[in-house]
Amino acid sequence: MKDLQKLKTEVQEDIDQLDSNELKKKYLSSDGVIREYFSKISNVDKDNRAKYGKELNSIKNLIAQSIEQSSKEIVTQRAKRVDPTAPFDSNTSKSNRPRILDLNGSSHILMQELERMLDIFQSMGFDIVESRQIDDDYHMFESLNFPKGHPARDMYDTFWTEDGFVLPAHTSTMQNRILSSSTPPISAVIPGRCFRSEATDSSHEHTFFQCEGIYVDKGISVANMIATIKEFLEAYLETDIEVKIQPAYFPFTEPDAEFTINCPFCNKEGCSTCGHTGWIELMGCGMIHPNVLKSADIDSEEFSGFAWGFGLDRLVMIRNHISDIRDLRAGNIKFLRKY
Ligand code: FA5
């Protein structure tokens, strides 16, 4: 009985110091202390055996109650824990939670519109390839006819990792991959995220989407390029458009152009969407430079092709009357709910 007294004191100290797993292991497991004390019962004289058993059981219950109590506390503590990222108190019952858009989630306007665009391109026979979000100097510059030290590199210089990779400033980084992995006729559309070292304003973001297009075959001309882009734009904007080609400069196309359309909102009279010019510049485009074809082992005497790259965000803004590009990534619920 003296031993039991000692055991009880030890148990009370351990209840304060050990966690429930440790208590369970030390006292209640198959090779634990309580089992050991029960096995000694035959050594206790007959008169005290019942008392010994009763006392030992009460110590065992003390431990079991303590374990049960601490697991209840853990559950209560968990329930009280606040998730500061939840847009409502995480303990609020489902029926009382505020409705945040559709709680099942919804697709962002940029992705909804991209789906529409890709459907149109696919119906025109283009394959779809996704661009990369990190790339190397060869695909960003060398293969696109920007040799080392070329001044036009500055326009597309963005963010470099210490081990020499770059965040792509345009989806043209995919041109060499597409051209060198297929044989003409080649037709592909490549949507992807781009990054620029840019002072942001209502029409410029540091992160935005572009959509590249490539077409290569025998006898392809500027006329094919204009017709293809116009066909897509009329299907996407669901209206007839007038187009204007303005000179531009890209090292990877020759000739190069800016593809401009009449402002669909003011019928060329001038409004805030077109900067009161009546025309909206939508994309860069041109005939693929012979050096770019050569770097993909395509004979530029036999084949020719065109490419374009438009800002997806800007086209989505035009179709949806969005005046500030920054709204697309601000995460403003009021804005998102509209779409
Ligand atoms: C290019 O990026 C060329 N790679 C396009 C190209 C592809 C030319 C194939 C020839 C052949 P540019 O820098 O002009 O060109 O960008 C193309 C389009 O991306 C712009 O017309 C615009 O719609 C969009 N864009 C460019 N910078 C931004 C920006 N900071 N924020 C939002 N959209 C942008």
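This text goes with the structure placed above it.
Bear in mind that the values here come from a model prediction, so they are computed numbers and not experimental data. (Residues numbered from 1 in each chain as written. Predicted model: local features only at pLDDT ≥ 70, side-chain atom pairs only at ≥ 80, totals over all residues. Heavy atoms only, no water.)

S.K.: Help me understand the overall build of the protein chain in this model?
M.R.: The secondary structure content of the protein chain amounts to 11 helices and 7 strands. Against the 2.2 N^0.38 benchmark of 20 Å for 339 residues, the protein chain shows a C-alpha radius of gyration of 35 Å, more extended than a compact globule. Expressed as lengths along the three principal axes of its C-alpha atoms, the size of the protein chain is roughly 110 × 50 × 35 Å. With 339 residues in all, the protein chain has 40% of them scored as buried. For the protein chain, the share of sequence-separated contacts (at least 6 apart) that also reach a separation of at least 24 residues comes to 65%. In the form shown here, the protein chain has an accessible surface area of approximately 19,300 Å², with 48% of it arising from carbon and sulfur atoms. The distance from the centre of the 39 positive side-chain charges to the centre of the 52 negative ones in the protein chain is 15 Å. (Helix = DSSP H or I, 4+ residues; strand = E, 2+ residues; numbered from the N terminus. Rg over C-alpha atoms; globule rule 2.2 N^0.38 Å. Buried < 20%, exposed > 50% of the residue type's maximum accessible area, 1.4 Å probe, protein only. Contact = heavy atoms within 4.5 Å. Areas by Shrake-Rupley, 256 points an atom, 1.4 Å probe, with all protein chains shown as cover. Lys, Arg positive; Asp, Glu negative; His and termini not counted. Charge placed at Lys NZ, Arg CZ, Asp CG, Glu CD.)

S.K.: I would appreciate a short explanation of the nonpolar core in the present structure.
M.R.: Most often, soluble globular proteins have nonpolar side chains that are buried together. If you look at the biggest cluster of nonpolar residues, it comprises 43 residues, and the most contacted ones within it are Phe232, Leu233, Trp308, Phe310 and Leu315. For this core, the elements supplying multiple residues, two or more each, are helix H5 (109-123), strand E3 (207-217), helix H8 (222-237), strand E5 (253-262), strand E6 (279-288), strand E7 (304-311) and helix H10 (312-320). Among the elements that make up this core, the one with the highest residue count is H5 (7 residues). Excluding anything up to four places from it in sequence, Leu315 contacts Met117, Phe232, Leu233, Tyr236, Leu237, Leu282 and Phe310. In terms of nonpolar packing, the next biggest core, distinct from the first, is built from 25 residues, Ala169, Leu179, Val216 and Phe250 among them. (Core = buried A, V, L, I, M, F, W, Y, C linked by side-chain atoms within 4.5 Å.)

S.K.: Would you mind going over the site of the ligand with me for this structure?
M.R.: Taken together, 26 residues lie around the ligand, and His170, Ser172, Arg196, Glu198 and Glu205 are the ones closest in. Between the ligand and the protein, one listed contact pairs a nitrogen atom with a side-chain N or O atom of Ser172 at 2.8 Å. Between the ligand and Gln210, the relevant distance is 3.0 Å, taken from an oxygen atom to a side-chain nitrogen or oxygen of the residue. Burial of the ligand by the protein chains amounts to 93% of its free accessible area of 680 Å². (Near = heavy atom within 4 Å. Polar contact = N/O pair within 3.5 Å; in protein donor to acceptor, adjacent residues only side chain to side chain.)

S.K.: Could you clarify how one ought to interpret the sheet that holds strand E4 (residues 243-247) in this entry?
M.R.: Pairing between sheet strands relies on hydrogen bonds along the backbone, with the strands arranged either parallel or antiparallel. Spatial ordering of the open sheet is given by E1-E2-E3-E7-E6-E5-E4, a layout of 7 strands whose pairing is mixed. One side of each edge strand has no neighbouring strand; the edge strands of this open sheet are strand E1 (127-128) and E4. As defined by bridge partners, E4 adjoins E5 across 5 bridges and the pair is classed as antiparallel. Among the inter-strand pairings, Val243 is bridged to a residue of E5, identified as Ile261. Here H5 sits on the sheet and contacts E1, strand E2 (186-195), E3 and E7; the angle it forms with E2, its principal contact strand, is near 165°. Contacts between H10 and the sheet are confined to E3, E6 and E7, with E7 contributing the most and set at about 65° to the helix. (Pairing = 2+ DSSP bridges. Axes fitted to C-alpha atoms, helices over the stretch in contact; angles between N-to-C directions.)

By themselves these figures say nothing about function.
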